[in-house]
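# Descriptive structure summary
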Amino acid sequence: MAVLSDHITITELSARSGVAASALRYYEDLGLIAAERTSGNQRRYRRSVLRRVAVIRAARTMGVPLSAIASALRTLPGSRDPTPADWERLSQRWHRELDARIAVLEKLRDQLSSCIGCGCLSLERCKIFNPDDKVSVEGDGPRLLMPDEPRVATKRGSRGRA
Ligand code: FES
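As a starting point, this report considers the structure included with it.

Calculation criteria
- For every chain, the first residue of its written sequence is number 1, and the numbers climb from 1 along that sequence.
- Residues qualify for local features only when their pLDDT is at least 70, as the model is predicted, and side-chain atom pairs are given and counted only at 80 or more; totals for whole chains, interfaces and linings, by contrast, use all residues.
- As a convention, hydrogens and water are excluded, and side-chain values are obtained from all of the structure's heavy atoms.
- Patch building starts from residues that exceed 30% relative accessible area and form no salt bridge, then joins like charges within 9 Å and nonpolar side chains (Val, Leu, Ile, Met, Phe, Trp, Tyr) within 5 Å.
- A 1.4 Å probe and the Shrake-Rupley method give the accessible areas. Residues count as covered only by the protein chains that appear here.
- Counted as salt bridges are all cases of a side-chain nitrogen of Lys or Arg within 4 Å of a carboxyl oxygen of Asp or Glu.
- Secondary structure follows DSSP: runs of H or I at least 4 residues long count as helices, runs of E at least 2 residues long count as strands, and numbering of each begins at the N terminus.
- The rule is simple: take the accessible area with a 1.4 Å probe, protein chains only, and divide by the maximum for that residue type; under 20% is buried, over 50% is exposed, in between is partly exposed.
- Of all possible arcs, the one meant is that of the directions from the helix axis to the C-beta atoms.
- We call two residues in contact whenever any of their non-hydrogen atoms come within 4.5 Å of each other.
- Take the residue count of a helix, subtract one, and multiply by 1.5 Å to get its expected span.
- For this analysis, a nonpolar core means a set of buried residues of the types Ala, Val, Leu, Ile, Met, Phe, Trp, Tyr and Cys, connected via side-chain atoms within 4.5 Å.
- Note on geometry: axes are lines fitted to C-alpha atoms, helical ones only across the stretch in contact, with angles between N-to-C directions running from 0 to 180 degrees.
- Angles below 35 degrees are treated as roughly parallel, those above 145 as roughly antiparallel, those between 65 and 115 as roughly perpendicular, and all remaining angles as oblique.

### Focus: a nonpolar patch on the surface
Together, Leu-105, Leu-108 and Leu-112 make up an exposed nonpolar region whose accessible area comes to about 270 Å². Assignment of secondary structure puts Leu-112 in the loop between α5 (84-111) and α6 (126-129).

### Let's talk about helix α2 (residues 21-30)
Buried within α2 are the following residues: Leu-24, Tyr-27 and Glu-28. Each buried residue of α2 lies within a common arc of 100 degrees when the element is viewed along its axis, so the set occupies one face. Elements that come into contact with the buried residues of α2 comprise α1 (10-17), β2 (36-37), β3 (43-46), α3 (49-61) and α4 (66-73). Positive backbone phi, approximately 85 degrees, marks Gly-31, located one or two places after α2.

### Focus: α3
If you check α3, its first and last C-alpha atoms are 18 Å apart, about what 13 residues at 1.5 Å a residue would give, namely 18 Å. Considered for burial, the residues of α3 that qualify are Val-49, Leu-50, Arg-52, Val-53, Val-55, Ile-56 and Ala-59. On the buried face of α3, the contacting elements are β1 (7-8), α1, α2, β3, α4 and α5. With its phi angle positive at about 85 degrees, Gly-63 sits one or two positions after the end of α3.

### A closer look at the nonpolar core
Of all hydrophobic cores here, the largest spans 26 residues; its most connected members are Leu-13, Ile-33 and Ile-69. Residues contacting Leu-13, with those up to four places away along its chain left out, are Ile-8, Gly-18, Leu-24, Ile-33, Tyr-45, Val-49, Leu-50 and Val-53.

### A word on unusual backbone geometry
Even without glycine at this site, Asn-41 takes up a positive phi of about 65 degrees. Here Asn-41 lies in the loop between β2 and β3.

### A short note on the pattern of salt bridges
Pairing of side chains with opposite charge becomes possible as their charged atoms draw close. With the rule as written, the count across this model stands at eight salt bridges. The salt bridge partner of Arg-109 is Asp-110, with a shortest N-O separation of 2.7 Å. Assessed through its relative accessible area of 49%, Asp-110 is described here as partly exposed. The closest approach of N and O atoms between Lys-127 and Glu-124, which form a salt bridge, is 2.7 Å. Residue classification places Lys-127 among the exposed positions, given a relative accessible area of 56%. Counted as one network, the salt bridges with shared partners bring together Glu-36, Arg-46 and Asp-81.

### Observations concerning the packing of α1 against α2
It is the contact of α1 with α2, at a shortest axis distance of 9 Å, that shows an interaxial angle of 110 degrees. As summarised for this structure, α1 and α2 are arranged roughly perpendicular, according to the angle between their axes. Contacts between α1 and α2 involve Ile-10, Leu-13, Ser-14 and Ser-17 from the first element and Ala-21, Leu-24 and Arg-25 from the second.

So this is what it looks like as C-alpha cells:
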C-alpha cells in the first residue's frame, strides 16, 4: 500500500475533501485553514487540514455561519496538528450552538405538518395553536418553531443586515 504524504497539494485537498479549490483558497483567506509554501511558492497543506475542511463542510451543511466556524477553528493550534484534546475543547465550545440548531431541525422535521406559528393561519391547527396569530406579539418568523430567535428587525437594527 502506498505511503500517504504528510503534506498535500490544493488539488489533492480539493479531491479528497470534495471542496472546490476556489473555496479552499477563500477559507485560507479567512484564516480557517493555512498552507505552507514550497521553494517554488506552491501551497502544501498538512494532511490534518483535511479534518478542518471536513468540519467546515459539515458545519456549513448545518447552516453554521463561516464567522462562527472561524472563531471555533481559531481555538485550534496553528503551528502543529491538533490533538484529540484540542478537538474536544472545540467540541465543548460548539456544543450549545450545535444543540440549538439540532433542536430547530428536529422541530422542523416533527412540526412541519402542524402549525409553526408563522402567521399564515392556513392550517386547521393554526386555530388551536395560533388563533388570530397571537404568537406574533412574541416576534417575527415561525415562533412555534424558533421561540428563542430574536426579532429580525432587532437584529437588523443592531447590525444593519439580517
Ligand atoms: S402554520 Fe402558519 S400560522 Fe400556523
